[in-house]
Every structure is written in structure tokens, then in C-alpha cells.
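Close look at the chain arrangement
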There are 2 protein chains.
Amino acid sequence: MKNKIENFHDHNNCPIRHVLDRLGDKWSILVLITLGSKKDPTRFNEVMHEIGDISQKMLTVTLRTLEADGLVSRKHYPEIPPRVEYAITDLGASLLPHIDGLAGWAAKNMDAIAKTRKKFVSKQKAA
Amino acid sequence: MKNKIENFHDHNNCPIRHVLDRLGDKWSILVLITLGSKKDPTRFNEVMHEIGDISQKMLTVTLRTLEADGLVSRKHYPEIPPRVEYAITDLGASLLPHIDGLAGWAAKNMDAIAKTRKKFVSKQKAA
DNA sequence: CAGTATCCCTTCCGATACTG
DNA sequence: CAGTATCGGAAGGGATACTG
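Remember, it's a predicted structure, so these values are computed and weren't measured experimentally.

Attention shifts here to the protein's contact with DNA strand D. Near DNA strand D there are 20 residues, and of these Lys26 and Lys57 of chain A together with Gln56, Arg74 and Tyr86 of chain B occur at the shortest range. Among all atoms of DNA strand D positioned within 4 Å of the protein, those belonging to sugar or phosphate total 57%. At a separation of 3.5 Å, a phosphate oxygen of DNA strand D approaches a polar side-chain atom of serine 55 of chain A. Elements with a contribution of two residues or more to the surface near DNA strand D: α4 (56-68) of chain A together with α3 (44-51), α4 (56-68) and β3 (83-88) of chain B. Broken down by element, the surface near DNA strand D gets its largest block of residues, four residues, from α4 of chain B.

Here you go:
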């Protein structure tokens, strides 16, 4: 565990802080996963419905940020009505296995965590 | 990529949403890494100085949350002046390799991402 | 359809002061 | 030393209305 993760004192060059800063918001990871799970480019509304509870505004800003970072590509077809398709880039796809690692960990442990937390809360109340 | 990460429509049982919810804040991961990099229990102030720019308040609340989730243990010595030592638990430690995976990805790609973003911004201005 | 623009509420978090 | 309490600014993000 002694490779990349210890020099976060240099705040501007710390990889962890970068990840947290760009992808730690409420929707980025979810959008990436959604696009990553498709092999065809996906339209704005389809992404929106797939996620279910994201607002139009937040989907727009999240997609823009991901596009700016090169994790997602955007193709706009000048038709009426407009059609815009999003896809994950190779760079974005290269991130997914790591997200998946996290998801696997969470899936395995989240029940135990929920129980631990519940105990902790009742102890707090007792004290 | 088709294992854990696709059922996030079930908002309450989605592992990704859980991770984001509990660890997506500004400090949790950084605290975990700090404690994970030590093999001896670490005092409050030492954690604080190691991270450098975390406030006392945020370190307190972050440690409490991590403790409630069972990722960090807390041992209080009733002395004067008080001494409190924190350590990562086995559960917390089991998360670190996944964080490290993310950190490795970021370390490898963050320069490219920064350049891509810079280009994107100048194109936006031009348009 | 795929956005933009605006409003506004909530949460996050830092600063500061105080305490056992 | 290791907190707790309080305040207030800033940012995140939802709801709604509008548009090419």
C-alpha cells in the first residue's frame, strides 16, 4: 500500500485529491458507469432515464465536465429535433475497472457496515 | 464490467451510491489513507498535521463517521492531557487497495486530463 | 430533444471561541 | 490534547420555466 497514495501533502499534485475533486460529486461516476455499460453511443434522454433521479441540469453539467476531461465524448447531430449522443472514451473506460473494484468491495461489505453503524448510533444514544 | 455496477437503479441498494454517499466527501478517503499508511495507532493531532489542511472540526466529524462505519477504531486513554489514538480496522484496510487502484489511474492520467480540459476550455471561449 | 437560465434551499465546511 | 458549539460564507444541486 506504499505506492501512489501517500504524497497527498502536496495538495496540487495529489492523485487522490484530483479524483475526489473531479469525480467525487453526486453524479459523475454514475454517468460514467451508465455510458460504460453500453457499447453504443447513448442519447441524452436515455442516460437520464437510465439513472432515473438525476435532473436535466445536473446531467448537462456532469456530461460537460466529463467531456472536458476527456472521459466522455459528445456527438451532436444538427437535426430537428436535435439528437446528441454520448459515449465513454477509452480513457473513461480505463477508469471503470477501478470503480468496479470499489463497487465490489461495497457490495460485499455494505450490510456489515450498516449494522455496525446502527450499533454505534444506539450506543451514542445510550451514552 | 458487467458484475456489480449496473444495478444502481435500485437507489437504496446500489453499492456505488453507498460508497459515494459515505466516502465521497472531502476528507474520509484522505483520513483512511493516512491511518492506513501507519501500522501504529495514531493520535488526533498527528493525523491532523499529516493531512495538513483539514480543520479540527472536520477531522472530528470524519473520524466519527468512519468509526461508526467500522472502518476506523478509536481508543481513548483517560489521562490528563487526554490521549486518543485512531487506527484503521481490517475492514478499512480492505478498502485501501481499491483506493490505490484509483490513485494509480489518476497518477497515470491526470496530466493528460489537465491538458484535455485546457483545450476544451479554450475551444469554449473561441465559440 | 436537448439543452439554458434562474431561483432558492440545503448541505458542507472553515473560522473562531470555548472546555474537561 | 482532543475535543464541542456556534456562526456564516460558499458550493451543490433540485424545481421550474423557457428555447432553438
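The next subject is the nonpolar core. Core analysis: the biggest nonpolar cluster contains 67 residues, and Ile16 and Leu32 of chain A together with Ile16 and Leu32 of chain B have the highest contact counts within it. Sorting elements by how many residues they give to this core places helix α5 (residues 90-126) of chain A first, with nine residues. Not counting residues within four places of it along the chain, the set of residues in contact with leucine 32 of chain A comprises Leu23, Leu66, Leu71, Val72, Ile88, Leu95 and Leu96 of chain A.

Near DNA strand C there are 19 residues, and of these Gln56, Arg74 and Tyr86 of chain A together with Lys57 and Met58 of chain B occur at the shortest range. The contact atoms of DNA strand C, taken as those within 4 Å of the protein, divide so that sugar and phosphate hold 57%. In the model, a phosphate oxygen of DNA strand C is placed 2.9 Å from a nitrogen or oxygen of the arginine 43 of chain A side chain. Mapped onto the surface near DNA strand C, the elements with two or more residues apiece are α3 (44-51), α4 and β3 (83-88) of chain A together with α4 of chain B. A per-element tally of the surface near DNA strand C places α4 of chain A first, with four residues. Residue composition of the surface near DNA strand C, by class: eight nonpolar, four polar and seven charged.

For the rest of this paragraph, the subject is unusual backbone geometry. Phi is mostly negative for residues that are not glycine, and the peptide bonds are mostly trans. A cis amide bond links isoleucine 80 of chain A with the next residue in sequence, proline 81 of chain A, at an omega value of 0 degrees. Note on placement: proline 81 of chain A falls in the loop between β2 (72-77) and β3.

With that out of the way, let us pick up the pattern of salt bridges. Taken as a whole and judged by the stated rule, the model has 14 salt bridges over all chains. Arginine 83 of chain A is paired through a salt bridge with glutamate 85 of chain A; the nearest N and O atoms lie 3.0 Å apart.

Turning our eyes to something else, we now look at the interface of chain A and chain B. The partner chain B presents 55 residues to the 56 residues of chain A that form the contact. For the pairing of chain A and chain B, the buried interface totals around 5,200 Å² over both sides, and the portion due to carbon and sulfur atoms is 72%. Connecting chain A to chain B are four salt bridges. Aspartate 53 of chain A serves as the salt-bridge partner of arginine 17 of chain B, at 3.0 Å between the closest nitrogen and oxygen. The tally of links from chain A across to chain B stands at ten residue pairs in polar contact (both at pLDDT 80 or more). Mapped onto the side of chain A that touches chain B, the elements with two or more residues apiece are α1 (15-23), α2 (28-36), α3, α4 and α5 of chain A. For the side of chain A that touches chain B, the leading source of residues is α5 of chain A, giving 21 residues. When the residues that make up the side of chain A that touches chain B are grouped by side-chain class, the tally is 27 nonpolar, 15 polar and 14 charged.

Reading guide: rules and limits
- Residues numbered from 1 in each chain as written.
- Chains lettered and ligands numbered in written order.
- Predicted model: local features only at pLDDT ≥ 70, side-chain atom pairs only at ≥ 80, totals over all residues.
- Heavy atoms only, no water.
- Near = heavy atom within 4 Å.
- Polar contact = N/O pair within 3.5 Å; in protein donor to acceptor, adjacent residues only side chain to side chain.
- Helix = DSSP H or I, 4+ residues; strand = E, 2+ residues; numbered from the N terminus.
- Core = buried A, V, L, I, M, F, W, Y, C linked by side-chain atoms within 4.5 Å.
- Buried < 20%, exposed > 50% of the residue type's maximum accessible area, 1.4 Å probe, protein only.
- Contact = heavy atoms within 4.5 Å.
- Nonpolar A, V, L, I, M, F, W, Y, C, P; charged D, E, K, R; others polar.
- Salt bridge = Lys/Arg side-chain N within 4 Å of Asp/Glu carboxyl O.
- Buried area = accessible area lost by both parts, 1.4 Å probe.

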